[in-house]
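Residue strings, one per chain:
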Amino acid sequence: PNSKKIVLIVPPTGGVNFIDKSYAANLCKSNISAVIIQNWTGDNEYNLELEIHKRFYNRAQRAIELTKEKYSHLQLGILGTSVGGIHASIAFARFKTIKTGLFIVSGGNIASIIANTDQEILLDAKKKRFKRYKFNSNKEYKDALSRILPFEPLKMEFDRSRKKIGMIISTNDQIVPTENQQELQEKWKPIILST
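Notes on the structure in this doc start here. (Residues numbered from 1 in each chain as written. Predicted model: local features only at pLDDT ≥ 70, side-chain atom pairs only at ≥ 80, totals over all residues. Heavy atoms only, no water.)

Across its full length, the protein chain carries seven helices and six strands. The secondary structure elements of the protein chain, listed N-terminal to C-terminal, are β-α-β-α-β-α-β-α-α-α-β-α-β. Taking 195 residues into account, the globule formula puts the C-alpha radius of gyration at 16 Å, and the protein chain, at 17 Å, falls close to it. When its C-alpha atoms are laid out on the principal axes, the protein chain stretches across 55 × 35 × 25 Å. Sorting the 195 residues of the protein chain into buried and exposed places 48% on the buried side. (Helix = DSSP H or I, 4+ residues; strand = E, 2+ residues; numbered from the N terminus. Rg over C-alpha atoms; globule rule 2.2 N^0.38 Å. Buried < 20%, exposed > 50% of the residue type's maximum accessible area, 1.4 Å probe, protein only.)

The structure is reproduced here in structure tokens:
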């Protein structure tokens, strides 16, 4: 890239879409390079074990880390949407070199998001897991997920004075429930907030 700045873009579930490509194009028009991170999770993997979430989150972080290292000579920012926003927010908190983050429909309390989302594949998995693992309540399910998830943005600390944070909250969202988005907003107190 010819610019001194680069933004890592982490797409939502389902992969790269027109919106991600338009973010990248607009950044490039503003002389900010962009890289869209894709195909890190092995989305075709589906099983009922809870540890699948641990693998997905670890793989996403590794993909972001490898991309970040490749462009470490540039000023780094990150942008993520929905589940991509959750992965981006984790990386933003983990890596000091990522100075700017924009999180679109991202949230905290990942176990709660997984347990309460209306995303079809996770609803199906939840129903089957309740039978397989004999969960008696949503709380038991969330607690079991919490124990295996390697990251939780609400528990991650970083020096806010050295980072710029922007968030866009979607009201009435059920994939990343609005209340989870607001939890992250309250914890991180972004500079820019849009609803």
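Alright, that's what it looks like, and here's the rest.
What follows covers the pairing of strand E2 (residues 33-36). Burial along E2 is one-sided: the residues Ser33 and Val35 are buried and none of Ala34 and Ile36 is. For the segment spanning strand E1 (residues 5-10), helix H1 (residues 18-29) and E2, crossover handedness is right-handed. (Right-handed = clockwise from strand over helix to strand, strands pointing away.)

Here the focus is the side chain of Thr178. If you trace the backbone, Thr178 turns up in helix H7 (residues 178-188). Among the polar contacts listed, one links the side chain of Thr178 to the backbone nitrogen of Asp173, at a separation of 3.0 Å. For Thr178, the contacting residues outside a window of four places in its chain are Ile169, Ser170, Thr171, Asn172 and Asp173. (Polar contact = N/O pair within 3.5 Å; in protein donor to acceptor, adjacent residues only side chain to side chain. Contact = heavy atoms within 4.5 Å.)

Our next topic: the packing of aromatic side chains. Counting across every chain of the model gives nine aromatic pairs. Ring centres of Phe103 and Trp188 lie 5.5 Å apart, and the angle between their planes is 70°; on these two criteria the pair is classed as edge-to-face. Of this pair, Phe103 sits in strand E4 (residues 98-104) while Trp188 sits in helix H7, and the two are 85 residues apart along the sequence. Ring geometry for Tyr133 and Phe135: centres 5.8 Å apart, planes at 40°, overall tilted. Ring-pair connections join several aromatic residues into one group, and the members of that group are Phe92, Phe103, Phe158 and Trp188. (Phe/Tyr/Trp six-rings, centres within 6.5 Å; stacked < 30°, edge-to-face > 60°.)

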